[in-house]
Amino acid sequence: MQIEWKTPGGNAPRVCLDMLKQPHLLIAGSTGSGKSVLINTLVYTALYKAPHRIKFILIDPKRVELIDYKPLPHTIMYASEPDEIVTALNLAVSTMELRYKDMQHLHIKKSTESEIYVIVDEFADLMTTQKRDTMPAIIRLAQLGRAANIHLILATQRPTKDIITGQIKVNMDSRVALRCPTAQDSRNIINVKGAETLPRYGYGYYLTPNGCELINIPMTAPEELAARVEWWTSQSPTQTTQHNITAWKQNSPLTRLSWITRLWR
Ligand SMILES: Nc1ncnc2c1ncn2[C@@H]1O[C@H](COP(=O)(O)OP(=O)(O)O)[C@@H](O)[C@H]1O
Ligand SMILES: [Mg+2]
């Protein structure tokens, strides 16, 4: 298979694989700074590196950003409507709790089950319209997800303090600042100024507990991505579990639990 990385050049390291190894990731930058491009590359890298160990829960308040990944057999739930988004986040939390119970039972500290990436493209939308319904789940996933192999990837175009709150910051210590309007925005994301001087797209500052570095963001060619998704979709034995969502909502809590149990093995 051919991979084509289109980048604006330069010598900064490409660290997508490293980003996937972090417990969670926050991506912030202005519109057009390449947040969706980075998410695409992360999805692509995950599909490429560990296709049998990954699953996605996709939360897409803008409805057009993550829709391409809906048919993937890896996608457990794609949510764009407000009530679906709440359901999807609750599903992630219930799965996490179930995994903790298993871990307790087996006396292990780290789950051996698949890696679930909960991807939110346009986190600011959730914060402004559904904060009360979604924030407790997001914070719980950020606090406890790691050991259960549940990882959050949040992207936002509004790097302001009301979106990237203190609570988000303490729980998400890996962050990427793409180009943003002001030095204050840069500080809100990576604690230092600088992201306001980045080129329009293609570069970012990547903050981890080890420090902050300038990185080059590769863009996966859209045709390559589409081909990969199509191939995986054709491998899928059944259509995605999406059609189960309605059933999930109608079921009793107990049936729901057994449903997730079946789903996650
Ligand atoms: N790393 C990159 N390399 C090359 N082009 C890029 C890169 N990031 C962004 N672009 C260009 O900018 C456009 C907008 O990027 P996008 O990811 O949709 O921005 P955002 O999601 O932040 O609004 C892309 O369609 C692409 O043409
Ligand atoms: Mg986008």
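Because the structure is predicted, anything quoted here is derived from the model rather than measured. (Residues numbered from 1 in each chain as written. Chains lettered and ligands numbered in written order. Predicted model: local features only at pLDDT ≥ 70, side-chain atom pairs only at ≥ 80, totals over all residues.)

### Considering the packing of helix 3 (residues 82–106) against helix 5 (residues 131–144)
Their axes nearest at 10 Å, the elements helix 3 and helix 5 cross at an angle of 30 degrees. What the angle tells us is that helix 3 and helix 5 run roughly parallel. The chirality of how helix 3 crosses helix 5 is left-handed. Facing helix 3, whose interface residues are Ile85, Val86, Leu89, Asn90, Ala92, Val93 and Met96, helix 5 presents Asp133, Thr134, Ala137, Ile138, Arg140, Leu141 and Leu144. (Axes fitted to C-alpha atoms, helices over the stretch in contact; angles between N-to-C directions. Helix = DSSP H or I, 4+ residues; strand = E, 2+ residues; numbered from the N terminus. Parallel < 35°, antiparallel > 145°, perpendicular 65-115°, else oblique. Left-handed = near helix turned anticlockwise from the far one by under 90°. Contact = placed C-beta atoms within 7 Å.)

### Some details on the environment of Pro222
Summarising the element assignment, Pro222 is placed in helix 8 (residues 222–235). The sequence separation of Pro222 and Val37 amounts to 185 residues, and the corresponding C-alpha distance is 9.4 Å.

### Quick notes on the site of ligand 1
If you check the shell around ligand 1, you find 15 residues, and the closest are Gly34, Lys35, Ser36, Tyr201 and Met219. The dominant element in the shell around ligand 1, judged by the number of residues it contributes, is helix 2 (residues 35–49), at 3 residues. In terms of residue class, the shell around ligand 1 is built from 5 nonpolar, 8 polar and 2 charged. (Near = placed C-beta within 6 Å. Nonpolar A, V, L, I, M, F, W, Y, C, P; charged D, E, K, R; others polar.)

### Notes on helix 5
Relative to the 20 Å expected for 14 residues at 1.5 Å per residue, helix 5 spans 19 Å between its end C-alpha atoms, a close match to the ideal helical length. Within the sequence span of helix 5, burial applies to Thr134, Ala137, Ile138, Leu141 and Ala142. Each buried residue of helix 5 sits inside an arc of 135 degrees when the element is viewed along its axis, so together they form one side. Considering only its buried residues, helix 5 is in contact with helix 3, strand 5 (115–121), helix 4 (123–129), strand 6 (150–156) and helix 6 (166–171). (Expected span 1.5 Å × (residues − 1). Buried ≥ 20, exposed ≤ 12 C-beta atoms within 10 Å, placed from the backbone. Arc of directions from axis to C-beta.)

### Considering the packing of helix 2 against helix 8
Following both chains from N to C, one finds helix 2 and helix 8 inclined at 45 degrees, their axes separated by 11 Å at the closest point. Taken as axis vectors, helix 2 and helix 8 run oblique relative to one another. Here the hand of the crossing between helix 2 and helix 8 comes out left-handed. Contacts between helix 2 and helix 8 involve Asn40, Tyr44 and Leu47 on the former and, on the latter, Leu225, Arg228 and Trp232. When the residues that make up the contact of helix 2 with helix 8 are grouped by side-chain class, the tally is 4 nonpolar, 1 polar and 1 charged.

### With respect to the environment of Ala195
Here Ala195 is to be found in the loop between helix 7 (183–190) and strand 8 (203–208). As a C-alpha pair, Ala195 and Cys180 span 15 residues in sequence and 6.0 Å in three-dimensional space. With near-sequence residues (within four places) excluded, Ala195 lies in contact with Ala177, Leu178, Arg179, Cys180, Ser186, Ile189, Ile190 and Tyr205.

### Here's the deal with the pairing of strand 3 (residues 54–59)
Most of strand 3 is tucked away: 5 of the 6 residues are buried. Pairing of strand 3 with strand 5 involves 6 bridges; the strand directions are parallel. Among the inter-strand pairings, Phe56 is bridged to a residue of strand 5, identified as Tyr117. Pairing between strand 3 and strand 4 (residues 75–79): 4 bridges, direction parallel. (Pairing = 2+ DSSP bridges.)

### Concerning the pairing of strand 5
Burial analysis of strand 5 places 6 of its 7 residues in the buried class, the great majority of the element. Relative to strand 6, strand 5 runs parallel, the two sharing 6 bridges. Bridging from a neighbouring strand, Val118 pairs with Leu152 of strand 6.

### A closer look at the confidence of the model for the protein
Looking at the protein, the pLDDT average stands at 87 and 84% of residues meet or exceed 70. The lowest-confidence element of the protein is strand 1 (residues 5–6), averaging 46 in pLDDT; the highest-confidence one is strand 2 (residues 25–28), averaging 98. Scored below 50 in pLDDT, residues 1–10 shows 14 contacts in the model against residues more than four places distant or in partner chains. (pLDDT = per-residue confidence, 0-100.)

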